[in-house]
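Coordinate analysis (summary)
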Amino acid sequence: MKISLIALLLSFSMFPAKLPELNARVIDYVNKNMGKKVDRGECWDLAAGALAYADAYFDRSSIKTATIYGKELNPEKDEILPGDLIQFKKVKMKWQDGNKIYESSLGMPDHTAIVYKVNGKGDYEIAHQNTAEFGKKVGVNNFRLDRVTKGKMYFYRPVATKEEM
């Protein structure tokens, strides 16, 4: 009996509350395209395809400079969920693992990714394409806010209509 109760309690703590429908559909799209090239293989092609698949709104008026992927979120105040999108602008990161120091960048000048999994506050697995690691195919890797040393990031929640933004 004790083991069943512990397993039940652990299951509630390990899984987030039900995702909003549009976020769930964005993740479904990512899963269907994992390891594949979406459209031309540009980073924003994955976001555009996922939002179209989810029947979500996004401002396509200036896709390379000022794309709005939904309702803007503040990762310090708002809960970030799988299926949310991140727009990176000249982001540089630095971290240490043991004696080795790593440096990386996202968005030189811009890069778009989808939050695939939330490991904890400010610690995400992101799905994206057009990267050094995955080339023009969709892949997932870790992104942590505490490693960012420079640049800006904009987080968005998919919405059905412009009025929801």
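Residues numbered from 1 in each chain as written. Predicted model: local features only at pLDDT ≥ 70, side-chain atom pairs only at ≥ 80, totals over all residues. Heavy atoms only, no water.

Ranked by internal contacts, the top residues of the largest apolar core, which has 22 residues, are V26, L46, L51, Y69, L85 and I114. Contributions of two or more residues to this core are made by α2 (21-33) and α3 (43-53). No other element matches α3, which puts seven residues into this core. Aside from chain neighbours lying at most four places away, what touches Y69 is W44, A47, L51, Y57, F58, L85, Q87, T112, Y156, R157 and P158. (Core = buried A, V, L, I, M, F, W, Y, C linked by side-chain atoms within 4.5 Å. Buried < 20%, exposed > 50% of the residue type's maximum accessible area, 1.4 Å probe, protein only. Helix = DSSP H or I, 4+ residues; strand = E, 2+ residues; numbered from the N terminus. Contact = heavy atoms within 4.5 Å.)

What follows deals with the environment of K89. Checked against the element boundaries, K89 lands in strand β2 (residues 85-97). Using a relative accessible area of 22% as the deciding quantity, one classes K89 as partly exposed. Taking the C-alpha atoms as reference, K89 lies 9.7 Å from S105; in sequence the two are 16 residues apart.

Looking at the chain as a whole, the pLDDT averages 87, with 85% of positions reaching at least 70. Between residues 1-15, whose pLDDT stays under 50, and residues either more than four places distant or in other chains, the model counts zero contacts. (pLDDT = per-residue confidence, 0-100.)

With that settled, the discussion passes to the packing of α2 against α3. Packing of α2 against α3 brings their axes to within 8 Å, and their N-to-C directions diverge by 125 degrees. With respect to their mutual orientation, α2 and α3 come out oblique. Note that α2 runs across α3; the crossing there is right-handed. Facing R25, V26, D28, Y29 and K32 of α2, the residues of α3 in contact are L46, G49, A50, L51 and Y53. Per-class residue counts for the contact of α2 with α3 are six nonpolar, one polar and three charged. (Axes fitted to C-alpha atoms, helices over the stretch in contact; angles between N-to-C directions. Parallel < 35°, antiparallel > 145°, perpendicular 65-115°, else oblique. Left-handed = near helix turned anticlockwise from the far one by under 90°. Nonpolar A, V, L, I, M, F, W, Y, C, P; charged D, E, K, R; others polar.)

The buried count for α3 comes to nine of 11 residues, which makes it a mostly enclosed element. By the burial criterion, the buried members of α3 are C43, W44, D45, L46, A47, A48, G49, A50 and L51. Looking at the residues trailing α3, positive phi occurs at D55, about 60 degrees.

Here α2 is 13 residues long and its end C-alpha atoms lie 19 Å apart, about the 18 Å a rise of 1.5 Å per residue gives. Taken residue by residue, α2 has L22, N23, V26, I27, Y29, V30 and N33 as its buried positions. Down the axis of α2, the buried set is contained in an arc of 155 degrees. They therefore lie on one face. Buried residues belonging to α2 abut α3, β3 (100-120), β4 (123-128) and β6 (148-157). Looking one or two places after α2, you find G35, whose phi comes out positive at around 80 degrees. (Expected span 1.5 Å × (residues − 1). Arc of directions from axis to C-beta.)

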